[in-house]
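Take a look at the letters that make up each chain.
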Amino acid sequence: MLLYFIKRLFLFIPTLFIITLFVFALLQFSGGDPALNALERSYQESYDISNDAKKIRAYRKSNNLDLPTFYFSVQRLSSCDTLYRFPFAAERSRAEALAYATGDWSLIARLDDEIKKRLNREQSDTKASHLLMEILTAKSITQIKASFAQLSLTERNDGLDELVNELNCNHWRIKNYIPTIRFHGISNQYHLWLTEILNGNFGNSYIDRLPVSIKIKEALPITLIISLCALLIALCIAIPLGIYAAYYQNGWLDKICSQLFFTFYALPTFWVATLLVVFFGAGDFLEWFPVYGIGNPPEEANLLEKFKIYSAHLALPIFCYLYGGLAYLFRHIRRSTLEELKQDYITSAMAKGLSIHAILWRHSFKKSSFPLITILGSALPALISGSFVIEYIFSIDGMGLLMLEAFFSRDYPMILSLLLLGAVLTLFGMWLADLLYSFADPRVEIDDSKKYHKG
Amino acid sequence: MQSNQRSFTHLFRALLLMLIFINLIACIPESQDDKSNLLNKIIMREAADAKSLHPLTVRDAVGFKVALFMYQSLVNIDYESQSLVGVVAKGEPQIDSLPKQIYKLTYQLRPEAQFDNGRQIEAADILFSLKYYLAPFTFNRDNRDYYQFIDSVKINKNNSTAISFYTHQLNSRTKFISGDFFILPYESFDPNRILSNYSISDLKQLVKTDSLPNLLQLEQHTDSSIKNASIQDLKGSGPYSLLNWEKGKRIQLEKKSNWWASNLNEQSVYFQNKANQLQIEIIPDETTALSALKSGDIDVLQGLSPKNYEKLQSDSSRFLTYEMEKRGYQYIGFNMNHPILQEKELRKAIAYICPLKIIVDQVYYGKASISSVPYVSATTSNEDQYAHNLQKAKNLLESIDWKDVDNDGLLEKEINGELVELELEFLYNTSNDSRAAIGMILKQEAKKVGIKINVQSVEWSIYLERLRNGNTTLFYYGAQTAPLPPDFSSLFHSKSAFGGRNFAQYQSIQADSLIAIINKNISVDKRDKIVKAFYGLIQDELPYYFMLTPYELIATSKKVKGLRIYSDRPYYWASELYK
């Protein structure tokens, strides 16, 4: 059996690899551009409006965003092979549209080069420069021709007219229907990122250039504390109530707990959190708890004072974390206890005169706690992911807010690191749950044919 | 029966334990109120933390707000007179025209200006600071672009309080921007005096530091300082020093005891330091921030929504409220490359269906003002040229052949041989309730004239991408502007159209020419005339329908005194407040 668990550990590697591929692909398809977000954050009104393109190019270069995404790409033969080098999505979509229309990207590239040469010669704010600019930004052949037709005869000469006439040719449109695989080698974003991860370097955040590992290290403890406290308290409440509700099935305890916890389950977290802040923290009603942060105890405070301050600040967030999980835990414990109580050995124990307490806790609980092992195993990633709603409302600088900010800013290194961390913990949680099963019930064994037996 | 009793006893014990625990922790420590009164500490709320407080990389609004208390520039805009006021310099630069179209801007420094170590701020410090902003560090790109226009600098050896900048690019904003960088002590930022080995032109020509070990060392030192947010490195000549920065939680500033300008009899905001301590608490959620204000945990709450502002306004026994029209604009933009929106009559018709007064009353609770131009001045008319008029909208649409052919209440027109319905998408960014409401109002009004508007929200990153990509129809956007001479380049110039901030993709030779003239260094009267002509053009062509500018709404506890609200960021100066 030990071998089985070791094999499971080794299977992590290909699983994680597939997860990274999946996550990387999702990020590329999710839209948004971290360079644009950075530009928006750093926007200064300036004279030189071509600065935006320069800044985006420089930003993409310094963050390796000007490299191809993966080792290879599948494209039409007519497509531009260096599409990833265009700084603006507008330029990329124009390149794609014109390449498709003409069937030959190289023709468009030559036309653009010629236009840029002429623009450098022309004075700005002339009609000719405007028309040339229109050609350079046109997304269709019709638009190019319409602008070209307005140029004077002298402006059309020296090869420009030939290039525009070539646009009409249909020779190359067959290339639109021929797929091609373009290999980019190891100089691609995925490879660079993977290499860094394997060397233990999670990269720097795009938002403030701080190392991702440091930002995670700062945010993780508070999220862990809140999650663990919430989980422990939820277990302490749900387990005894679940067991007694099962024993006194359909009694007042069972009915009240079921109704109450499912009502809790139905309440959205953001609404409950806001109500708690307004009713228990604001100056209008009860002012029992502080409303934001985790507390700022003075340096000279002793341990008990610090505990009081932190507890006061975390009471409401912890409640918001745990109330939803109560119903889930309660129902599982109740159901599994009910099943156990129907077993013959329980009847025998009762007949022998054992106390209810002993029957429920010493005998039945051990078996009925199996679902708990699964729940705890799957709770592992949830412990670190936090809840951005709760952290947002209570101003707690935890993993939830970190993830939210990373997504909104398209902070790829942070997003990939957090998702990878979550994936590792999920796999580890499942592995741990299986291991604990085998310890909890000696009848559980794995045979050579890898079938899972119980009893 | 016995077992029932036992379980009830267990339950009772558990509940009792919980109550005791809650009481233990619910005895919350005294609020910060009393302590902050004694310390004359002002506690403010911000929705997000500063990204950086280092002078080279401070970009975001909160970072700038804090940096303005820590560092000073040569000059800055006076919030009341809207003219330049000298901060480290005595006043505006003297501008001299030299041969070969070179301009010289000379600043005279205040002889009393000092750093914290008592060293007088001299011309050499200005030169060092400018070099620092032009250093070829990878994270310094924005600053290098911004100050590229300065060709060289000269210091008079006989007069250490005078410095001259030379440039061949003089325009309407040069004198504002030339003195708009923080003056920094080399002891903190370049202790080994590495930059003294390079001239301004050397630094401008360098692209990176890789080949220069000493510059590379300085870059690494600066990078480390930025990432670690080392408080001891972030020194300036401002009225406050950084006491503490707990990332994501709070920023604390302390008044300097021997600040050089303490005894200056200057009323400008840049010379105030009434509060002993300034503390910024990071509270993203407005409801939580409101609760914190009510419970006395914070003193100043800025950027309130109109609804919450009204509630606080009605509680005048506990709170003071302030409102001011912000300098800026909000508009509905039209994608001029969209086949339907290419006719200006249609754009005008959409402007006519927009009920601005209703939007101001219902969406902003009256806390916004109608503003039909992007830069408002005393001489330009701010009247809405397209006051709500559905009949005019219908007439315009009819004049360009939009008719309800199939009697379904929706207008159609033949475009390129195809019958096209008048259906448009109104795009805005998610989590913006006011824009959502404006979209719905517009949709309802548009229906009355036969236009179908689909209101669509997208996440911010996608929204930015679609705007820059020109993948829009109608869109809503807004921005704050600075109290500087207007520069319409980014919004209207054709060079900004493709991937830039000219989201309407507006391209007009006439507009480009007018912008070029406006940006020149011409007299205020002449500029106003050209701006008026420019506004006439854009209000006729209507690439954007400028609508309104919302008010800045601030509330404070009654203990806080001295607040003056301004129309420019940061809208109030915490250094003017006291308890």
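Right above here is the structure, for reference.
The model shown is predicted, which means the values in this text are computed figures rather than measured ones.

Trainee: Residues and numbers for the overall build of chain B, please.
Mentor: Check the secondary structure of chain B and you find 19 helices and 20 strands. Taken along its principal axes, the extent of the C-alpha atoms in chain B is 105 × 80 × 50 Å. Taking all 579 residues of chain B together, the buried fraction comes to 58%. Relative to all contacts within chain B whose residues are 6 or more apart in sequence, the contacts with residues 24 or more apart total 69%. Carbon and sulfur atoms provide 49% of the accessible area of chain B, an area that totals close to 24000 Å². Averaging the locations of the 66 positively and 66 negatively charged side chains of chain B gives two centres separated by 4 Å.

Trainee: Help me get a handle on the packing of helix α5 (residues 105-121) of chain A against helix α6 (residues 127-137) of chain A, residues and values and all.
Mentor: All names here are of chain A. At a closest axis distance of 10 Å, the pairing of α5 and α6 adopts a crossing angle of 155°. The angle between α5 and α6 places the two elements in the roughly antiparallel class. Like other packed secondary-structure pairs, α5 and α6 cross with a definite hand, here left-handed. The residues of α6 that touch α5, namely those facing Asp112, Ile115, Lys116, Arg118 and Leu119, are Ser129, Leu132, Met133, Ile135 and Leu136. When its residues are assigned to classes, the contact of α5 with α6 shows six nonpolar, one polar and three charged.

Trainee: Explain the environment of valine 88 of chain B residue by residue, including any values.
Mentor: All names here are of chain B. Relative to the elements of secondary structure, valine 88 occurs in the loop between β3 (84-86) and β4 (94-98). A residue is classified by how much of its surface remains accessible, and valine 88, at 0% relative accessible area, is buried. Distance in space between the C-alpha atoms of valine 88 and isoleucine 126 is 9.7 Å, their sequence separation being 38 residues. Not counting the four nearest positions on each side in its chain, valine 88 is found in contact with Gln72, Ser73, Leu74, Leu109, Arg110, Ala113, Ile121, Ile183 and Ser237.

Trainee: Can you break down the nonpolar core residue by residue, with the values?
Mentor: Residues Leu74, Ile126, Leu130, Tyr147, Phe165, Phe181 and Leu278 of chain B are the most contacted members of the largest nonpolar core, which totals 90 residues. For this core, the domains that each give at least three residues are domain 1 (72-233) and domain 2 (240-326 + 552-576) of chain B. Not counting residues up to four positions away in its chain, the partners in contact with phenylalanine 165 of chain B are Leu74, Tyr103, Lys104, Leu105, Tyr107, Ile126, Leu130, Ile150, Ser152, Val153, Ser178 and Phe181 of chain B. In terms of nonpolar packing, the next biggest core, distinct from the first, is built from 61 residues, Leu341, Ala349 and Ile390 of chain A together with Phe319 of chain B among them.

Criteria and cut-off values
Residues numbered from 1 in each chain as written. Chains lettered and ligands numbered in written order. Predicted model: local features only at pLDDT ≥ 70, side-chain atom pairs only at ≥ 80, totals over all residues. Heavy atoms only, no water. Helix = DSSP H or I, 4+ residues; strand = E, 2+ residues; numbered from the N terminus. Buried < 20%, exposed > 50% of the residue type's maximum accessible area, 1.4 Å probe, protein only. Contact = heavy atoms within 4.5 Å. Areas by Shrake-Rupley, 256 points an atom, 1.4 Å probe, with all protein chains shown as cover. Lys, Arg positive; Asp, Glu negative; His and termini not counted. Charge placed at Lys NZ, Arg CZ, Asp CG, Glu CD. Axes fitted to C-alpha atoms, helices over the stretch in contact; angles between N-to-C directions. Parallel < 35°, antiparallel > 145°, perpendicular 65-115°, else oblique. Left-handed = near helix turned anticlockwise from the far one by under 90°. Nonpolar A, V, L, I, M, F, W, Y, C, P; charged D, E, K, R; others polar. Core = buried A, V, L, I, M, F, W, Y, C linked by side-chain atoms within 4.5 Å. Domains from an automatic or database assignment.

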